[in-house]
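What the coordinates show
One letter stands for each residue in the lines below.
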Amino acid sequence: MKKFNKRVIKNILTVVFAVLFIFCLSLIDWNNLGSKNNSGAFFGVLSAVLFIISMQVKNKESKKDN
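Residues numbered from 1 in each chain as written. Predicted model: local features only at pLDDT ≥ 70, side-chain atom pairs only at ≥ 80, totals over all residues. Heavy atoms only, no water.

Once that is clear, we can look at the overall build of the protein chain. Check the secondary structure of the protein chain and you find 2 helices and 0 strands. Buried residues in the protein chain amount to 18% of all 66 residues. Roughly 6200 Å² of accessible area belongs to the protein chain as shown, and the carbon and sulfur atoms make up 64% of that amount. (Helix = DSSP H or I, 4+ residues; strand = E, 2+ residues; numbered from the N terminus. Buried < 20%, exposed > 50% of the residue type's maximum accessible area, 1.4 Å probe, protein only. Areas by Shrake-Rupley, 256 points an atom, 1.4 Å probe, with all protein chains shown as cover.)

The next thing to look at is the environment of Val15. On the secondary structure map, Val15 appears in helix H1 (residues 6-27). Under the relative-accessibility criterion, Val15 is labelled exposed at 52%. Spatially, the C-alpha atoms of Val15 and Ile52 are 8.4 Å apart, while their sequence positions differ by 37 residues.

Attention now goes to a nonpolar patch on the surface. Nonpolar side chains collect at one region of the surface, where Leu46, Val49, Leu50, Ile53 and Val57 lie side by side and expose about 430 Å² of accessible area between them. Note on placement: Leu46 falls in helix H2 (residues 39-56). (Patch = residues over 30% accessible without salt bridge, like charges linked within 9 Å, V, L, I, M, F, W, Y side chains within 5 Å. Salt bridge = Lys/Arg side-chain N within 4 Å of Asp/Glu carboxyl O.)

Look at H1: 32 Å from first C-alpha to last across 22 residues, which is about the 32 Å you get at 1.5 Å a residue. Those residues of H1 not exposed but buried are Thr14, Phe17 and Cys24. Summarising the axial view, the buried residues of H1 lie within an arc of 85 degrees, below the 170-degree limit, and thus occupy one face. In this structure, H1 carries Val15, Val19, Ile22 and Ser26 as exposed residues pointing more than 90 degrees from its buried face. As for H1, its buried residues are in contact with H2. (Expected span 1.5 Å × (residues − 1). Arc of directions from axis to C-beta. Contact = heavy atoms within 4.5 Å.)

Between the first and last C-alpha of H2 there are 26 Å, a value that for 18 residues agrees with the 26 Å anticipated at 1.5 Å per step. Ala41, Gly44, Val45, Ser47, Ala48 and Met55 are the residues of H2 that are buried.

Below you can see the structure in the form of C-alpha cells.
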C-alpha cells in the first residue's frame, strides 16, 4: 500500500478550497451587497477562507513522556 505524504494532501485540499473561494466570489452580486441572495455566496467565501487558513496552520502534536 502506498503511503501518502500529509503535506501533499494538505496542498491539494488548499487548492480545492481556493477554487471554491474564487467560485463563490463570482456568485456575489456586487451591486447589492445587502441582498439576501448573497448570503450563500458570503458563507461560501467565509468557509473557504477558514479552511484555507486551517490547512496552513501547523499542527503541534503532544508528545507523551513514557
